[in-house]
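Take a look at the letters that make up each chain.
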Amino acid sequence: MWLLKLAWKNMWRNRNRTAITITAVFFSVILSVLTNSLQEGVFDNLIKNVVSFYSGYIQVHKSGYWDEQILENTFENLPELQEQVIQIDNVEAVTPRFESFALASSDTLTKGCMVVGILPEKEDAITQLKNKVAEGNYLKDGDEGIMLGEGLAHRLKLQLNDSIVLIGQGYHGAMAVGKYPITGILRFGQPEMNNQSLYMTLSNAQVLFSAENRLTSYVIGLENTNELDQTAVNIRTSLGDTYETMTWEEMMPEVVQHIRTDKGSMVIIQLVLYMLIAFGIFGTLLMMMVERKYEMGMLIAIGMKKFKLMQVMMLESLFTVLSGCLLGILVSIPIVVYLYRNPIRFKGQLAEVYEEFGFEAIFPTSTNPEIFLNQGVLVLILGLVLSLYPLVKIAKINPVTAMKK
Amino acid sequence: MNTVIDAHNISKTFNPETIPIYAVRDVHLHLERGEFTALVGPSGSGKTTLLNLLGGLDKPDKGNILINGVDITSLRPNALIDFRLKNIGFVFQSFNLIPVFTARENVELIMQLQHRSKSEIDERVKILFQEIGLEEKMNTRPAQLSGGQQQRVAVARALASKPQFILADEPTANLDSKSAIKLLDIMAKLNKEENITFIFSTHDPRVIERARRVITLVDGQVHSDTRAIDTSGEHFIPIDKE
Ligand SMILES: Nc1ncnc2c1ncn2[C@@H]1O[C@H](COP(=O)(O)OP(=O)(O)O)[C@@H](O)[C@H]1O
Ligand SMILES: [Mg+2]
């Protein structure tokens, strides 16, 4: 108890130094929580964008489809198959799709397009397609009309309520021809989607391509996106070799690469940050040891074991670093929450790139509690490791020399 | 009477490899319980070094030191610290006290190190502060005390552990003569009334005057060892070397 008391009182003996240490720790925690929370937030946002954008977190195809996207690599939409997938842990929703290439024509112009047959409500539940409607209405089950990307409409000089003709090759070499009214215009940020995509109901697409009850993919939404890999493994095991199960990471390796590179540079920034913190704390420890050398020598002389003295020092460091950490966490919570609600908007080249991909040019933060905990604990450990220095010094103190002026 | 310190033939040499300084040379010293001894001699004569050896803060190169029958030169570092805690009270020239603790807490500290019970500590603290005449200053921090008061608190702390003897290296060196005499009077009273054994170094004649025994060091050797014949402490007779 008196050890605690001594440590506590020692902590306040040089208020400036303690204040400097606490402040250093305080800002370190805030900085590292912020950088981490921003990093996580930006990537979460990116993934959410990418995934909700189109691919879903996981897709199931017929084996070989991803490498060769032809109608011969489609599979039959069996109710029990869909049921089997939805039964798997962590699978929240499944929506079937039929996708194929076709030529789209107005009276005078022809462009290539990607026809996507969907179940409108289920599709929206996973990829929030409804949000992309710029004009007209979102598809309903049984609709005969189609929705198309704004860019595609523009290139074909077509408007809402005009008709569009689609020509392509159907299943087993059949001809695919159809004429549809335009009931919706979609606005995608990503140019490719904006200029090429065309949506119709799943049954219309299957009729158009003479592929009755066939699908190119199941698009899967997850309850907990952190368990992506495990869920993919479970689906893969459940469905066997006839089907291929791919995560968005496998379907879009370039996005994963981008995140990895960015995370790498973040690690370097953080290392530099931790080094600065370390030097700051170490400086105050050096000062303190010089200041207290005589007193420590005196305490050992009158009969205080070095181990006891070390305990006092350790407690003192713990109090100091811990208060800095707690204060840092406490103050960083509202900052992070504020930046989560009011994300930083950025401009310039990076913003253009983002917008090109249909993402909002924002840096949201992540409010994942683990970030606060991890960064707090990391700085705490850093502080405590540094406070081993006084312990080493104490182990070497000789009371006679320490008390010499 | 029983023996508290029994030092045989102790020597301490600094820088033995380069320019050796023979700080303490072949000293024999025998201290009985209840003695009130001044260690005198010019600056550099080895007083501090000898006291450090007797207090177990430093080890002699030669000879051994028995405190209450225990050879402290053979104790391991931790055992030695523990031995000091239980057997030796220390009063240093200055900065004896922990600045962040009150006078009382400074005195309590040593008893807490000895794991004394709270009631025992409370009781003893009261008595000790009465003895040094600083009851009203118990809850004052060292910085608010005069130099003399700080040294009196240091004496109380040294006494708190109920040591075999109290060792004080120039306890009055930083005090004005009034405070120095006051401190010595308190020490002499404790010696007389409670039979506390003191050994202190000094070169203040008025402090030497109050000693019951005076050991003079010259160049690290005992030059003379005299004991007062009457209680006034004014006349000294030589003591034969063993
Ligand atoms: N740690 C040390 N290293 C080298 N020489 C020392 C050391 N401590 C004391 N001395 C020398 O030993 C001699 C005795 O010193 P000291 O015991 O401090 O004398 P006093 O206390 O009587 O003034 C002096 O010459 C001093 O310079
Ligand atoms: Mg000296």
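Residues numbered from 1 in each chain as written. Chains lettered and ligands numbered in written order. Predicted model: local features only at pLDDT ≥ 70, side-chain atom pairs only at ≥ 80, totals over all residues. Heavy atoms only, no water.

1. Regarding the overall build of chain A
Here is step 1: The secondary structure content of chain A amounts to 15 helices and 14 strands.
Here is step 2: Relative to the globule expectation of 22 Å for 405 residues, the C-alpha radius of gyration of chain A, 31 Å, shows a markedly less compact shape.
Here is step 3: Overall, chain A is about 100 × 45 × 30 Å in size when its C-alpha atoms are taken along their principal axes.
Here is step 4: Within chain A, the fraction of its 405 residues that count as buried is 52%.
Here is step 5: Taking contacts inside chain A between residues at least 6 apart in sequence as the whole, the part at least 24 apart equals 76%.
Here is step 6: Side-chain charges in chain A split into 33 positive and 40 negative, and the spacing between the mean points of these groups amounts to 23 Å. (Helix = DSSP H or I, 4+ residues; strand = E, 2+ residues; numbered from the N terminus. Rg over C-alpha atoms; globule rule 2.2 N^0.38 Å. Buried < 20%, exposed > 50% of the residue type's maximum accessible area, 1.4 Å probe, protein only. Contact = heavy atoms within 4.5 Å. Lys, Arg positive; Asp, Glu negative; His and termini not counted. Charge placed at Lys NZ, Arg CZ, Asp CG, Glu CD.)

2. Topic: the overall build of chain B
Here is step 1: Secondary structure assignment for chain B yields seven helices and 11 strands.
Here is step 2: Relative to a compact globule of 242 residues, whose C-alpha radius of gyration would be 18 Å, chain B shows 18 Å and is just as compact.
Here is step 3: Oriented by its inertia axes, the alpha-carbon framework of chain B measures out at about 50 × 40 × 35 Å.
Here is step 4: Here chain B has roughly 10,900 Å² of accessible surface; of this, 50% comes from carbon and sulfur atoms. (Areas by Shrake-Rupley, 256 points an atom, 1.4 Å probe, with all protein chains shown as cover.)

3. Remarks on the pattern of salt bridges
Residues and elements named next belong to chain B.
Here is step 1: A full pass over the atoms with the stated rule returns 22 salt bridges over all chains.
Here is step 2: Of the charged contacts, one joins D122 and K118 as a salt bridge, the two residues approaching to 3.0 Å between their closest N and O atoms. Taken together, the residues span about one helical turn, with D122 and K118 both in helix α4 (residues 118-131) at a distance of four residues.
Here is step 3: Judged by relative accessible area, D122 falls into the partly exposed class, the value being 24%. (Salt bridge = Lys/Arg side-chain N within 4 Å of Asp/Glu carboxyl O.)

4. Section: the site of ligand 1
Here is step 1: Around ligand 1 sit K404 of chain A together with F14, I21, A23, P42, S43, G44, S45, G46, K47, T48 and T49 of chain B, and those are all the residues in its vicinity.
Here is step 2: This site is not confined to one chain, since residues near ligand 1 come from chains A and B.
Here is step 3: S45 of chain B places a polar main-chain atom, nitrogen or oxygen, 3.3 Å from an oxygen atom of ligand 1.
Here is step 4: A distance of 2.9 Å separates an oxygen atom of ligand 1 from a polar atom in the backbone of K47 of chain B.
Here is step 5: Relative to its unbound accessible surface of 560 Å², ligand 1 loses 69% to contact with the protein.
Here is step 6: Looking at the shell around ligand 1, the elements with two or more residues in it are β2 (21-32) and α1 (47-54) of chain B. (Near = heavy atom within 4 Å. Polar contact = N/O pair within 3.5 Å; in protein donor to acceptor, adjacent residues only side chain to side chain.)

5. Things to note about the nonpolar core
Here is step 1: By size, the foremost hydrophobic cluster in this structure holds 121 residues, and its most contacted members are M304 of chain A together with L54, F92, V107, F129, V153 and F200 of chain B.
Here is step 2: In terms of residue count, helix α10 (residues 253-302) of chain A provides more of this core than any other element does, 15 residues in total.
Here is step 3: When residues no more than four places from it in sequence are discounted, the contact partners of F129 of chain B are A103, R104, V107, L134, E135, M138 and V153 of chain B.
Here is step 4: V50, L202, Y243 and F346 of chain A belong to the second largest nonpolar core, which has 59 residues in total. (Core = buried A, V, L, I, M, F, W, Y, C linked by side-chain atoms within 4.5 Å.)

6. Re the interface of chain A and chain B
Here is step 1: Residue-level contacts link 23 residues of chain A with 25 residues of chain B.
Here is step 2: Inspection of the region where chain A meets chain B yields three salt bridges.
Here is step 3: Where chain A touches chain B, the interface holds six residue pairs in polar contact (both at pLDDT 80 or more).
Here is step 4: Among the secondary structure elements, those contributing two or more residues to the side of chain A that touches chain B are α1 (2-11), α10, α11 (306-341) and α15 (399-402) of chain A.

7. Points about the domain arrangement of chain A
Here is step 1: Partitioning chain A into structural domains gives domain 1 (2-51 + 255-402) and domain 2 (70-215).
Here is step 2: A separation of 52 Å is found between the C-alpha centroids of domain 1 of chain A and domain 2 of chain A. (Domains from an automatic or database assignment.)

8. Thoughts on α11 of chain A
Here is step 1: Between its first and last C-alpha, α11 of chain A extends 52 Å over 36 residues, near the 52 Å set by a 1.5 Å rise per residue.
Here is step 2: The largest bend in α11 of chain A amounts to roughly 25° and is located at S332 of chain A, with the proline P334 of chain A lying one to four residues further along. (Expected span 1.5 Å × (residues − 1). Bend = angle between axes of the 7 residues up to and from the residue.)

9. A few points about the sheet that holds strand β4 (residues 62-67) of chain B
Residue and element names in this part refer to chain B.
Here is step 1: A sheet is described by the order of its strands in space; here four strands give the open sequence β2-β1-β4-β5, paired in antiparallel fashion. Strand pairing shows two members of the sheet lacking a second neighbour, β2 and β5 (70-71), which therefore form its edges.
Here is step 2: Both strand β1 (residues 3-14) and β2 contribute to a ladder of eight bridges, which runs antiparallel. Among the inter-strand pairings, T13 is bridged to a residue of β2, identified as Y22. (Pairing = 2+ DSSP bridges.)

10. Here we look at the packing of α1 of chain A against helix α3 (residues 103-113) of chain B
Here is step 1: Here α1 of chain A crosses α3 of chain B at 140°, and the two axes come no closer than 11 Å. With respect to α3 of chain B, the axis of α1 of chain A lies oblique. The interaxial crossing formed by α1 of chain A with α3 of chain B has left-handed handedness. When α1 of chain A is examined against α3 of chain B, the residues W2, K5 and K9 of chain A are found in contact with a partner set consisting of E105, L109, Q112 and L113 of chain B.
Here is step 2: In terms of residue class, the contact of α1 of chain A with α3 of chain B is made up of three nonpolar, one polar and three charged. (Axes fitted to C-alpha atoms, helices over the stretch in contact; angles between N-to-C directions. Parallel < 35°, antiparallel > 145°, perpendicular 65-115°, else oblique. Left-handed = near helix turned anticlockwise from the far one by under 90°. Nonpolar A, V, L, I, M, F, W, Y, C, P; charged D, E, K, R; others polar.)

11. Quick notes on the pairing of β4 of chain B
Residue and element names in this part refer to chain B.
Here is step 1: Where β1 lies against β4, five bridges are found, and the strand directions are antiparallel. Bridge pairing links D6 to L66 in β4.
Here is step 2: Across two bridges, β4 lies against β5 in antiparallel orientation. Counted as the bridge partner of L66 is D71 from β5.

12. Brief notes about the packing of aromatic side chains
Here is step 1: Inspection of every chain in the model, using the stated rule, returns 12 aromatic pairs over all chains.
Here is step 2: Plain terms: the ring middles of Y294 of chain A and F95 of chain B are 5.9 Å apart, the flat faces sit at 75° to each other, and that makes the pair edge-to-face. On the criterion of chain membership, the pair formed by Y294 of chain A in helix α10 and F95 of chain B in the loop between β6 (88-91) and α3 is interchain, its members lying in two chains.
Here is step 3: Assessed through its relative accessible area of 17%, Y294 of chain A is described here as buried.
Here is step 4: Its relative accessible area of 55% is what places F95 of chain B among the exposed residues. (Phe/Tyr/Trp six-rings, centres within 6.5 Å; stacked < 30°, edge-to-face > 60°.)

13. Some details on the side chain of Q164 of chain B
Residues and elements named next belong to chain B.
Here is step 1: With respect to the helices and strands, the residue Q164 is situated in the loop between α5 (147-160) and β7 (165-169).
Here is step 2: Q164 sits in the buried class, given a relative accessible area of 17%.
Here is step 3: Within the structure, Q164 has its side chain in polar contact with the side chain of R33 (distance 2.9 Å).
Here is step 4: Within the structure, the side chain of Q164 is placed 3.4 Å from the side chain of N68, a separation counted as a polar contact.
Here is step 5: Setting aside its immediate chain neighbours within four residues, Q164 contacts V4, R33, N68, N87 and T197.

14. So, the environment of Q69 of chain A
All names here are of chain A.
Here is step 1: Positionally, Q69 belongs in the loop between β1 (58-62) and β2 (75-76).
Here is step 2: Remark: the alpha-carbon pair of Q69 and H154, spanning 85 residues in sequence, is separated by 27 Å.
Here is step 3: Engagement of the side chain of Q69 in a polar contact is seen with the backbone oxygen of W66, the distance being 3.3 Å.

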